[in-house]
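# Summary of the model geometry
Each chain is listed here by its residues.
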Amino acid sequence: MKRIYFDHSATTPVHPEVAAVLVNYMTDLFGNPSSVHSFGREARKAMDQARRQVAALIGAESEEIFFTSGGTEADNLAIKGVALANKKKGNHIITTLIEHHAILHTCEYLEKNGFQVTYLPVDEYGMISLEALERSITDQTILISIMYANNEVGTVQPIAEIGRLARQRNIYFHTDAVQAASNLPIDVKKDGIDLLTLSGHKFNAPKGIGALYVRRGVRIEAVQHGGGHERNLRAGTENVPAIVGLGKAAEIAAQNLTDKIVTLTTLRNTLIEGVMAEIPHVKLNGHPTQRIPGNANFSFLSLEGESLLLNLDLKGIAASSGSACSAGSLDPSHVLLAMGLSHEAAHGSLRISLGWGNTMEDVQYFLNVIPEIVERLRAISPLHAERIELSAQSPCQECQLH
Ligand SMILES: *Cc1c(COP(=O)(O)O)cnc(C)c1O
């Protein structure tokens, strides 16, 4: 059976050129970059090059890139590291309700340890309000952490405006750019970004590698202690193969950025238009235009995202849903709820995230199979029977939002 991968926001395949680099630095060039001999020097040199490649992807200097074990660790280091280093100046952090758990749970941890956190709400499109951000700033505020693009609905925040505001008020600005990297042009200098998180496996590098950009001069403390690696900010022998692979993936991403944006936007728009035209009682979640190129997120009213996923999987299509079923309880997505969706609409959500390798044939195949799946599942849904009865009296309110 044909298999189609539509879940690039969860993880991506490693690019063959990146895989070749990985193997090379696990076998022939396996040195420890801290060693003084030629093996060590080779590894060090490769790591320096990777730092330049990653820096180039986001408009940073190579000395401002610190390698971590992934996006989660980079988020932890940014938030805890800045909080600890600046606690004499203040104890207030501003973030949003729609962040990744790597940010939210880190902030909750800091709240248990004397810090105060404001979680900004978002509108129906998942967008924060700059006025609300400005109003929430106090003389205790040391850090603003707002994601570049959301991992579920793809909404892109007004990063340059946030950066300008933070700079004016002398507050550090961190952004989790895991979903934006390789999907949008990023320029940390132009946008006034002080710290930025990247994760390799979201752009065709392996899992378990990421980076934190820290602008020169930012006060930050290490959260993991040991040797003096990564200029004392992140102890532990560097994962050289993955770091060199991350560098290669960053180089490939930078070279192909414009093409990727055009290609994925075309595929994504075809997919959205197809779904909206063919299927009744469906709502597009996220911003109509300010969203990353490969993201489409729908709510199929009176359906469970889980059953949609299973049925798509039977047809060879891998996607995901905002109703992650954890430990037997159905927890609707905190992002969709923050956007004001009903529990029902949140449960019926489906995320399609396109990436490298997806084609128009893939999109057409999806558009061919989805109407039949939705119809069949709705035929056995008690919620749907109720909706049909209601809509005979008044048109579907929720669908009219967009
Ligand atoms: C995937 C993801 C992370 C976590 O990155 P890992 O490398 O998997 O730890 C953090 N933030 C966002 C927005 C993500 O999509």
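Parameters and conventions
Residues numbered from 1 in each chain as written. Predicted model: local features only at pLDDT ≥ 70, side-chain atom pairs only at ≥ 80, totals over all residues. Heavy atoms only, no water. UniProt positions renumbered as here; feature names shortened; annotations may be inferred. Near = heavy atom within 4 Å. Polar contact = N/O pair within 3.5 Å; in protein donor to acceptor, adjacent residues only side chain to side chain. Areas by Shrake-Rupley, 256 points an atom, 1.4 Å probe, with all protein chains shown as cover. Helix = DSSP H or I, 4+ residues; strand = E, 2+ residues; numbered from the N terminus. Nonpolar A, V, L, I, M, F, W, Y, C, P; charged D, E, K, R; others polar. Buried < 20%, exposed > 50% of the residue type's maximum accessible area, 1.4 Å probe, protein only. Contact = heavy atoms within 4.5 Å. Salt bridge = Lys/Arg side-chain N within 4 Å of Asp/Glu carboxyl O. Pairing = 2+ DSSP bridges. Axes fitted to C-alpha atoms, helices over the stretch in contact; angles between N-to-C directions.

An unreviewed UniProt entry lists the protein chain under the name Cysteine desulfurase IscS, with Acetonema longum DSM 6540 as the source organism. Looking at the Catalytic activity (unreviewed entry) heading of the UniProt record, one finds this comment for the protein chain: "(sulfur carrier)-H + L-cysteine = (sulfur carrier)-SH + L-alanine".

Among the 13 residues in the neighbourhood of the ligand, the closest are listed as Thr72, Asp176, Gln179, Ser199 and Lys202. One of the backbone N or O atoms of Gly71 is found 2.8 Å from an oxygen atom in the ligand. For the ligand, a nitrogen atom lies 2.6 Å from a polar atom in the side chain of Asp176. A total of 380 Å² of accessible area belongs to the ligand in isolation, and the protein chains cover 88% of it. Broken down by element, the shell around the ligand gets its largest block of residues, three residues, from helix α3 (residues 71-85). Here the residues of the shell around the ligand are counted per class, giving two nonpolar, eight polar and three charged.

Here the focus is unusual backbone geometry. Of note in the backbone geometry, Asn170 takes a positive phi value of approximately 60° without being a glycine. The exposure class of Asn170 is exposed, given its relative accessible area of 56%. Backbone geometry at Asn204 places phi at a positive 65°, although glycine is not the residue there. Structurally, Asn204 is set in the loop between β7 (195-199) and β8 (210-214).

What follows concerns helix α8 (residues 305-314). An α-helix turns once per 3.6 residues; consequently, residues spaced three or four apart project the same way. Along α8, the residues that are buried comprise Gly305, Leu308, Leu309, Asn311 and Leu312. Residues of α8 that are buried make contact with β10 (295-300), β11 (317-318), α10 (343-347), β14 (349-353) and α11 (360-379). Gly316 occupies a position one or two residues after α8 and carries a positive phi of about 90°.

Listed under "modified residue: N6-(pyridoxal phosphate)lysine" (unreviewed entry) in the UniProt record, and renumbered for this structure, are Lys202. One can find Lys202 in the loop between β7 and β8. Look past the residues within four positions of Lys202 in its chain and what remains in contact with it is His8, Ser9, Ala10, Thr12, Val178 and Gln179.

With that settled, consider the pattern of salt bridges. Per the counting criterion, the structure on display carries 13 salt bridges. The partner of Glu73 in a salt bridge is Arg234, and the shortest N-O contact between them spans 2.8 Å. Taken together, the residues Glu73 in helix α3 and Arg234 in the loop between β8 and α7 (240-278) connect sequence positions 161 residues apart. As far as the burial class goes, Glu73 and Arg234 line up, both buried. Close ionic contact of Arg167 with Asp194 constitutes a salt bridge, the shortest N to O distance being 2.9 Å. In this pair, Arg167 is assigned in helix α6 (residues 159-168) and Asp194 in the loop between β6 (172-176) and β7, connecting sequence segments 27 residues apart.

Before going further, it helps to spend a moment on the sheet that holds β6. Where strands meet in a sheet, backbone hydrogen bonds hold them as pairs that are either parallel or antiparallel. Strand order in this open sheet of seven strands is β2-β8-β7-β6-β5-β3-β4, and the pairing throughout is mixed. Edge positions in the sheet fall to β2 (65-68) and β4 (116-120), since each has one partner strand and no second. This sheet shows a mean twist of 20° between the axes of neighbouring strands, independent of strand direction. Taken together, the three bridges between strand β3 (residues 92-96) and strand β5 (residues 141-145) define a ladder with parallel strand orientation. Across the sheet, residue Ile93 finds its bridge partner in β5, namely Leu143. Contacts between helix α2 (residues 38-58) and the sheet are confined to β2, β7 and β8, with β2 contributing the most and set at about 110° to the helix. Sitting on the sheet, helix α4 (residues 101-111) is in contact with β3, β4, β5 and β6, with an inclination near 145° to β4.

Turning to the sheet that holds strand β9 (residues 282-285), a few remarks are in order. The three strands are arranged β9-β10-β14 in an open sheet whose pairing can be described as antiparallel. Since the sheet does not close on itself, it has two edges, and those belong to β9 and β14, each with one partner. Going across the sheet, the axis of each strand differs from the next one's by a mean of 25°, ignoring polarity. As judged from the five bridges shared by β10 and β14, these two strands associate in the antiparallel manner. In the strand pairing of β14, Asn297 is matched with Arg351.

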